[in-house]
Amino acid sequence: MTNPPYIRPIPASWWLRQGRYVRYMIREATCLFIGLHALVLLVGVYRLSQGRDAFDAFLAALWSPAGQVMGAVIVLMAVVHSVTWFNLTPKAMPLWIGDRKVPGWIIVGGHYGGWIVVSAVVLFLAGGLS
Amino acid sequence: MEIIKTDIAIIGAGAAGLSAAIAIAETDPTLNISLISKVYPMRSHTCAAEGGAAGVSKPEDSLDKHFDDTVSGGDWLCDQDAVEWFVEQAPKELARIERWGCPWSRDEEGNVAVRPFGGMKVERTWYAADKTGFHILHTLFQTSLQYPSIQRFDEYYSTDLIVSDGRCQGVTAIEMRSGQLKAFAAKCVIIATGGAGRVFPFTTNGAIKTGDGMAMAYRAGVPLKDMEFVQYHPTGLPGTGILMTEGCRGEGGLLVNKDGYRYLQDYGLGPPDPWPRNKAMELGPRDILSQAFWHEQQKGRTIKTPHGDVIHMDMRHLGEVLINERLPFVRDLALSYLGIDMVHEPVPVRPVIHYTMGGIDTDRQARTPLDGLFAAGECACVSINGSNRLGSNSLTECLVFGREAGKSVIDRITTMSDADTTLVKQQRDKSQSEMADLFMRENTGESVSGLRREMNDTMESGAGIYRSADSLNETCATIASLRERFNAVTLEDKSNVFNTDLIQALELKSMIEVAQAMAHSARRRDESRGSHQRLDFTERDDDNFLKHTLAGYRGADAPSIDYRAVVITKSQPAKRVYGGAKS
Amino acid sequence: MSERQITLEVLRYRPESESEPVFQSYSVPCQEEWVVLDALNYIKDNLDRTLSYRWSCHMAVCGSCGMVINDNPMLSCKAFLRDLPDHIRVEPLHNFPIERDLMVELDDFMDKLKSVKPYLIPDQPVAEEDGTYRQSSAQLKKYKPFAMCINCMACYSVCPQYGLNEGFVGPAALALAHRYNVDSRDQGRRAREDVVASNTGIWECTFVGACSEVCPKNVDPAAAIQQTKIASTVDYFKDLLMPGKRDKSGNAKQAAGDGA
């Protein structure tokens with residue numbers, strides 16, 4: 001009697017087995033915080049529609065210790081999210097000049113440059129730089 | 001199902017087997033093809049070929065020059081009608097796999113580039129960096145996937161041809177994943193199983209190159225031709241035997257002895273131009289280069305290492321850019337396996353068993369003397385390689401004669417009746433009971449690995465670069481006793497699923513039979529020609545030996561040895577001239 | 001040549017006598033310059049003839065000897081003992097059914113390889129009498145890295161999507177499809193799209209990137225898949241915005257071929 005080829009089960013904790021999977025899961029998890037931030041913005045818009053008092057209360061909540069911790073975590077996660085994805089861009093978008101491949105760091109650097117420019121514009125429009 | 005009915009059984013799925021299969025599938029899609037291989041096609045040893053494939057492409061080259069290089073490289077033991085036809089087909093077949101997507105390296109105009117190789121008047125080696133065989137194999141395999149008439153039987157180990165009424169009617173094979181013995185009832189069979197380098201201990205050949213197809217044909221009564229001619233490649237890495245392609249020298253690599261001296265100038269290959277010229281020095285033929293190493297060794301001018309003596313191949317002057325573009329694979333191999341970076345250091349190399357010129361007796365159309373049986377590639381001997389194959393002719397040979405085998409099968413099969421399934425069944429049952437005997441045998445202490453080691457040792461000591469009657473007599477005697485002892489070999493593994501102990505035992509059986517044909521053929525050839533060098537008969541003897549050796553199977557006895565005249569059309573035997581003197 | 005005693009812990013599975021795999025330890029006297037495959041061959045020749053595994057070329061090109069060594073999928077012929085501790089755990093590749101010992105079943109991969117149509121599909125094939133296509137070195141360079149795959153299956157062993165989702169075509173096969181898609185001689189991208197750009201093709205990939213990290217031939221399947229995603233997305237929007245504007249083969253060559 002011959003047993004069939006053996007299929008090793010994959011445990012739910014498979015992603016804890018190797019550092020590369022853990023890093024991948026962290027990268028994927030950062031999008032939850034990006035989502036959370038979007039939710040906060042939506043709540044803010046909703047509160048604004050309810051009048052000045054409601055919006056002030058919303059801002060006060062953001063500046064509360066808990067709100068500050070949440071904000072810090074979101075910023076941290078947004079940075080991790082951006083950095084990990086920017087670092088992958090040379091794979092997805094290779095550039096060729098003639099028969100030479102543009103080095104990955106230039107592509108990554110271009111993204112960081114773009115990020116800085118866009119952030120500066122946004123801050124300017126929001127009055128943060130004036 | 002124990003019996004598998006098919007039109008054509010192809011044994012072996014390397015370059016030759018795949019070429020044959022595609023040729024048939026393209027021409028007549030109604031023919032059912034069983035492509036049987038003991039490994040997945042992409043594992044076939046074609047993948048290890050590095051340097052390139054020869055075919056005339058430059059305007060200053062000509063078919064005549066390719067012919068001359070091949071015939072003189074083979075020391076006039078080639079059948080010239082076959083060589084004429086081969087050189088004519090060569091560029092067509094290389095262009096064909098370009099059209100199938102092979103990533104050939106290119107020149108500035110976008111045409112396929114060529115590089116020089118040893119023993120060539122004009123550079124004509126098409127290459128895909130230094131992984132030419134790999135790319136050819138994968139191109140062929142992937143191309144073959146579009147033909148539904150090609151049915152693959154991967155990891156089936158073929159054991160015996162089924163022969164009756166003077167024709168081949170199929171083959172028995174073990175389905176390795178189940179251990180079951182199957183029989184293919186086929187109208188025609190093509191053998192394309194590659195060489196037998198593994199009969200020697202130090203070889204560039206992969207573990208799978210055990211001469212199974214040669215032995216199968218031999219046992220079925222087809223002679224093995226010119227088996228004494230075994231090629232040493234001059235530049236293998238010590239220890240592992242990993243090949244440093246001839247492309248290294250084609251690109252300008254230099255060979256120096258322990259004094260840093262380009263010793264090849266002492267062996268009629270000079271003058272030592274600063275850059276190798278075609279057909280001179282480092283671009284001499286493989287047999288002469290390997291023999292020159294042996295002489296340097298006798299003179300004490302080689303370099304001692306724990307893995308035997310070496311000389312140095314120096315490529316530092318080529319520069320990192322060129323090495324990375326043309327030789328990236330061998331750079332990585334030398335770096336990984338030896339810790340030597342060829343950009344900065346010379347690479348230690350030594351001659352290593354590389355290729356079996358001899359093989360199953362076939363004609364220009366890949367037909368064997370047995371009706372319904374065809375052979376192509378390294379397992380076959382047409383012979384276009386004579387006593388020493390010209391570097392980069394073998395990949396082309398697989399394509400040209402693989403296709404030719406396919407065409408010959410199509411010609412023959414129209415008038416071929418179905419295989420006799422009753423007979424096929426009988427043959428299967430007989431093979432099954434032989435296998436059962438092997439399983440049931442009481443432990444006698446004879447093991448596969450032990451016998452294999454002894455076979456390897458005696459082939460190296462008695463039938464190596466230089467041979468003599470004494471050394472060959474001893475090897476013949478040892479092999480006779482090994483064949484005897486093989487009958488007592490016992491399996492430790494008695495299971496069915498992927499029993500690699502069993503497969504290795506059957507491979508050993510093939511190897512010992514092939515080794516016996518090699519040793520006896522060599523013993524009887526009292527001359528020195530190409531790769532067959534005798535210390536007791538140091539000259540070529542055209543009066544007595546301008547002919548092919550035919551070793552015939554005689555059961556448990558030593559093989560019969562017969563001869564057949566070499567076909568000469570336009571090139572009378574002359575002295576082989578290399579070096580700058582007359583070229 | 002110094003000798004080193006190594007303990008090899010090998011996962012064995014003998015389907016005729018065991019219902020699940022078990023580890024077996026061997027103590028092997030090794031030479032320092034050996035690779036793991038040499039140690040396995042030592043076991044096979046001297047200690048235990050029942051151990052089964054695949055190997056052939058011993059030079060990292062045939063792709064037979066892929067296995068998991070101390071948790072990393074690699075070619076055992078290129079896993080140098082000098083880089084490994086004295087205790088080495090050897091397992092068959094993950095994500096494949098184990099047939100016996102270190103041998104896994106490749107049927108699924110072979111089917112998927114075929115499904116991506118890995119052969120040249122030209123619009124206007126060069127005729128036999130016209131010889132060969134022209135291709136510049138620059139055009140060659142764009143697909144050549146993706147043509148280096150030896151099918152060793154290391155990428156499948158480490159890809160969680162392949163392990164968790166039965167239908168996923170997987171890294172090597174998708175990289176090969178990309179290899180043909182970006183070959184200047186090929187116009188078969190549309191013909192491959194049904195499989196390649198499907199939910200079990202590129203869109204199943206979440207860019208874990210492990211495939212590219214373990215590839216012994218630097219093929220970078222993760223890059224191939226992301227590039228195919230972009231090309232496929234561009235195709236989709238072109239179809240949406242300019243219906244009927246696509247050429248017959250469906251190739252948007254700017255996106256796929258030229259990158260920049």
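Just so it is clear, the model here is predicted, and its values are computed rather than measured. (Residues numbered from 1 in each chain as written. Chains lettered and ligands numbered in written order. Predicted model: local features only at pLDDT ≥ 70, side-chain atom pairs only at ≥ 80, totals over all residues. Heavy atoms only, no water.)

S.K.: Go over the overall build of chain B, please, and point to the residues and values.
M.R.: Check the secondary structure of chain B and you find 15 helices and 21 strands. For chain B, whose C-alpha radius of gyration is 23 Å, the value lies close to the compact-globule estimate of 25 Å for 583 residues. Reported as C-alpha extents along the three principal axes, the dimensions of chain B are approximately 70 × 55 × 50 Å. In chain B, buried positions account for 69% of the 583 residues. Of all intrachain contacts in chain B linking residues separated by at least 6 positions in sequence, the fraction that spans at least 24 positions is 74%. (Helix = DSSP H or I, 4+ residues; strand = E, 2+ residues; numbered from the N terminus. Rg over C-alpha atoms; globule rule 2.2 N^0.38 Å. Buried < 20%, exposed > 50% of the residue type's maximum accessible area, 1.4 Å probe, protein only. Contact = heavy atoms within 4.5 Å.)

S.K.: So, the overall build of chain C: which residues are in play, and what are the values?
M.R.: A tally of helices and strands in chain C yields ten helices and seven strands. Judged by the C-alpha coordinates and their principal axes, chain C covers about 65 × 40 × 30 Å. Considering only contacts within chain C whose residues lie at least 6 apart along the sequence, 63% involve residues at least 24 apart. Working note: accessible area of chain C is about 9600 Å², and carbon and sulfur atoms make up 50% of it. Side-chain charges of chain C comprise 29 positive and 36 negative groups, with the mean position of each set lying 8 Å from the other. (Areas by Shrake-Rupley, 256 points an atom, 1.4 Å probe, with all protein chains shown as cover. Lys, Arg positive; Asp, Glu negative; His and termini not counted. Charge placed at Lys NZ, Arg CZ, Asp CG, Glu CD.)

S.K.: Could you give an account of the nonpolar core, naming the residues involved and the relevant values?
M.R.: Formed by 184 residues in total, the largest nonpolar core has its most connected members in B:Met244 and C:Leu40. The greatest single-element share of this core, amounting to nine residues, is contributed by helix α10 (residues 393–413) of chain B. Grouped together as the second largest cluster of nonpolar side chains are 73 residues, B:Ile174, B:Ile191, B:Met214 and B:Val497 included. (Core = buried A, V, L, I, M, F, W, Y, C linked by side-chain atoms within 4.5 Å.)

S.K.: Account for the pattern of salt bridges, naming residues and giving values.
M.R.: This model, assessed by the stated rule, comprises 90 salt bridges over all chains. A salt bridge links B:Glu98 to C:Arg185, with the nearest nitrogen and oxygen atoms 3.0 Å apart. Within this pair, whereas B:Glu98 is found in helix α3 (residues 80–99), its partner C:Arg185 is found in the loop between α6 (171–181) and α7 (189–196), the two belonging to separate chains. C:Arg185 carries the same exposure label as B:Glu98, and that label is buried. For B:Asp361, the salt bridge goes to B:Lys225, with nearest N and O atoms at 2.9 Å. With B:Asp361 in strand β15 (residues 359–361) and B:Lys225 in strand β10 (residues 224–225), this pair connects stretches of sequence that are 136 residues apart. (Salt bridge = Lys/Arg side-chain N within 4 Å of Asp/Glu carboxyl O.)

S.K.: Please set out unusual backbone geometry residue by residue, giving values where relevant.
M.R.: Residues and elements named next belong to chain B. Of note, the bond from Gly-270 into Pro-271 is cis; its omega dihedral lies within 30 degrees of zero at 0 degrees. Following Val-382, the chain continues into Ser-383 via a peptide bond in cis, with omega recorded as 10 degrees. Topologically, Ser-383 is positioned in the loop between β17 (380–381) and α10. For Glu-155, which is not glycine, the phi torsion reads 60 degrees and is therefore positive. Of note, Glu-155 is situated in the loop between β6 (150–154) and β7 (156–164). The exposure class assigned to Glu-155 is buried, which follows from its relative accessible area of 6%. The backbone of Asp-165 sits at a positive phi, close to 50 degrees, despite the residue not being glycine. With respect to the helices, strands and loops of the structure, Asp-165 is situated in the loop between β7 and β8 (167–175).

S.K.: Break down the domain arrangement of chain B for me, with residues and values.
M.R.: Residue and element names in this part refer to chain B. Looking at chain B, the domain boundaries give domain 1 (3–231 + 363–420), domain 2 (235–353) and domain 3 (425–565). Taking only C-alpha atoms into account, the centre of domain 2 sits 32 Å from that of domain 3. Across the boundary between the two partners, domain 2 contributes six residues, which contact six residues of domain 3. Summing the contributions of domain 2 and of domain 3, the shared interface buries around 520 Å²; its carbon and sulfur component is 69%. A per-residue breakdown of the area domain 2 buries against domain 3 is headed by Asp-287, Gln-291 and Trp-294, which together make up 77% of the total. At the boundary of domain 2 with domain 3, the tally comes to zero salt bridges. The tally of links between domain 2 and domain 3 comes to two residue pairs in polar contact (both at pLDDT 80 or more). Per-element accounting of the side of domain 2 that touches domain 3 gives the leading share, five residues, to helix α7 (residues 286–298). Here the residues of the side of domain 2 that touches domain 3 sort into two nonpolar, three polar and one charged. (Domains from an automatic or database assignment. Buried area = accessible area lost by both parts, 1.4 Å probe. Polar contact = N/O pair within 3.5 Å; in protein donor to acceptor, adjacent residues only side chain to side chain. Nonpolar A, V, L, I, M, F, W, Y, C, P; charged D, E, K, R; others polar.)

S.K.: How would you explain the packing of helix α12 (residues 448–462) of chain B against helix α13 (residues 469–486) of chain B if you had to name every residue and give the values?
M.R.: Residue and element names in this part refer to chain B. Between α12 and α13, whose axes approach to 9 Å, the crossing angle comes to 165 degrees. In terms of axis orientation, α12 runs roughly antiparallel to α13. Both α12 and α13 take part in a crossing whose hand is left-handed. Listed contacts from α13 to Leu-451, Glu-454, Met-455, Thr-458, Met-459, Ser-461 and Gly-462 of α12 are Ser-471, Leu-472, Glu-474, Thr-475, Thr-478, Ile-479, Leu-482, Arg-485 and Phe-486. Residue composition of the contact of α12 with α13, grouped by class: seven nonpolar, six polar and three charged. (Axes fitted to C-alpha atoms, helices over the stretch in contact; angles between N-to-C directions. Parallel < 35°, antiparallel > 145°, perpendicular 65-115°, else oblique. Left-handed = near helix turned anticlockwise from the far one by under 90°.)

S.K.: Describe a nonpolar patch on the surface, naming the residues involved and giving the relevant values.
M.R.: All names here are of chain C. On the surface, a nonpolar cluster with roughly 560 Å² of combined accessible area is contributed by Tyr-236, Phe-237, Leu-240, Leu-241 and Met-242. Locating Leu-241 in the fold gives a position in helix α9 (residues 221–241). Owing to a relative accessible area of 67%, Leu-241 belongs among the exposed residues under this scheme. (Patch = residues over 30% accessible without salt bridge, like charges linked within 9 Å, V, L, I, M, F, W, Y side chains within 5 Å.)

S.K.: Which residues make up the packing of α7(C) against α9(C), and what are the values?
M.R.: Residues and elements named next belong to chain C. Their axes nearest at 12 Å, the elements α7 and α9 cross at an angle of 105 degrees. Here α9 runs roughly perpendicular to α7, going by the angle between their axes. Between α7 and α9, the contacting residues are Arg-189, Arg-190, Glu-193 and Val-196 on the first element and Thr-228, Ala-231, Asp-235 and Asp-239 on the second.

S.K.: Residues and numbers for the interface of chain B and chain C, please.
M.R.: The interface of chain B with chain C comprises 63 residues on the first partner and 67 residues on the second. Taken together, the two surfaces of chain B and chain C that pack against each other cover about 5500 Å², and 51% of this comes from carbon and sulfur. For chain B, the biggest contributors to the area lost against chain C are B:Arg43, B:Arg99 and B:Tyr337; these three give 14% of the whole. Note that C:Glu128 is salt-bridged to B:Arg96, the shortest N-O span being 3.4 Å. In this structure, the connection of chain B to chain C is made through 37 residue pairs in polar contact (both at pLDDT 80 or more). When residues of the side of chain B that touches chain C are traced back to their parent elements, those giving at least two are α3, α4 (132–144), β6, α9 (328–338), α12 and α14 (500–524) of chain B. By residue number, the principal contributor to the side of chain B that touches chain C is α4(B), which donates six residues. By residue class, the composition of the side of chain B that touches chain C is 24 nonpolar, 19 polar and 20 charged.

S.K.: Please give an account of the packing of aromatic side chains that cites residues and values.
M.R.: Any aromatic ring pair is given by two values, namely how distant the centres are and how the planes are angled relative to each other. Within this structure, the stated rule accounts for 24 aromatic pairs over all chains. Between the aromatic rings of A:Tyr6 and C:Tyr13, the centroid separation amounts to 5.8 Å while the plane-to-plane angle is 55 degrees, which identifies the pairing as tilted. With A:Tyr6 in the segment before α1 (19–49) and C:Tyr13 in the loop between β1 (3–12) and β2 (22–31), this pair bridges two chains. Of the two residues, A:Tyr6 and C:Tyr13, both sit in the buried class. Judged by centre distance (6.1 Å) and plane angle (40 degrees), the ring pair of A:Tyr112 and A:Trp115 falls under tilted. Linking A:Tyr112 with A:Trp115, this pair stays in helix α4 (residues 104–125), spanning three residues, or about one helical turn. A network of ring pairs unites the aromatic residues C:Phe96, C:Phe109, C:Tyr156 and C:Tyr162 as a single cluster. For the cation-ring pair, B:Lys131 lies above B:Phe134, with the distance from its terminal atom to the ring centre recorded as 4.7 Å. (Phe/Tyr/Trp six-rings, centres within 6.5 Å; stacked < 30°, edge-to-face > 60°. Lys NZ or Arg CZ within 6 Å of the ring centre and 35° of its normal.)

S.K.: Outline the side chain of B:Asp501, listing residues and values.
M.R.: Mapped onto the elements, B:Asp501 comes out in helix α14. Not counting residues up to four positions away in its chain, the partners in contact with B:Asp501 are B:Val448, B:Leu491, B:Glu492, B:Asp493, C:Lys44 and C:Arg49.

S.K.: I'd love a proper account of the pairing of strand β4 (residues 72–75) of chain C, names of residues and values included.
M.R.: Within a regular strand, side chains alternate between the sheet's two faces. Residue and element names in this part refer to chain C. Taking every second residue as pointing to the same face, the buried face of β4 carries Pro-73 and Leu-75, while none of Asn-72 and Met-74 on the other face is buried. Relative to β4, strand β3 (residues 66–69) runs antiparallel, the two being bridged by four bridges. From the neighbouring strand, Gly-66 faces β4, where its bridge partner is Leu-75. Two successive antiparallel strands, β3 and β4, enclose a turn made up of two residues, where Asn-70 displays a positive phi of approximately 45 degrees. (Pairing = 2+ DSSP bridges.)

S.K.: Please set out the sheet that holds strand β20 (residues 547–552) of chain B residue by residue, giving values where relevant.
M.R.: All names here are of chain B. Taken in spatial order, the five strands of this open sheet run β17-β15-β10-β20-β21, and their pairing is mixed. The open sheet has two free edges, formed respectively by β17 and β21 (560–565), since each of these has just one partner strand. Helix-sheet contacts for helix α5 (residues 212–219) involve β10, β15 and β20, and the interaxial angle to β15 is about 35 degrees. Strands β10, β20 and β21 of the sheet are contacted by α14, whose axis makes an angle of about 60 degrees with β21.

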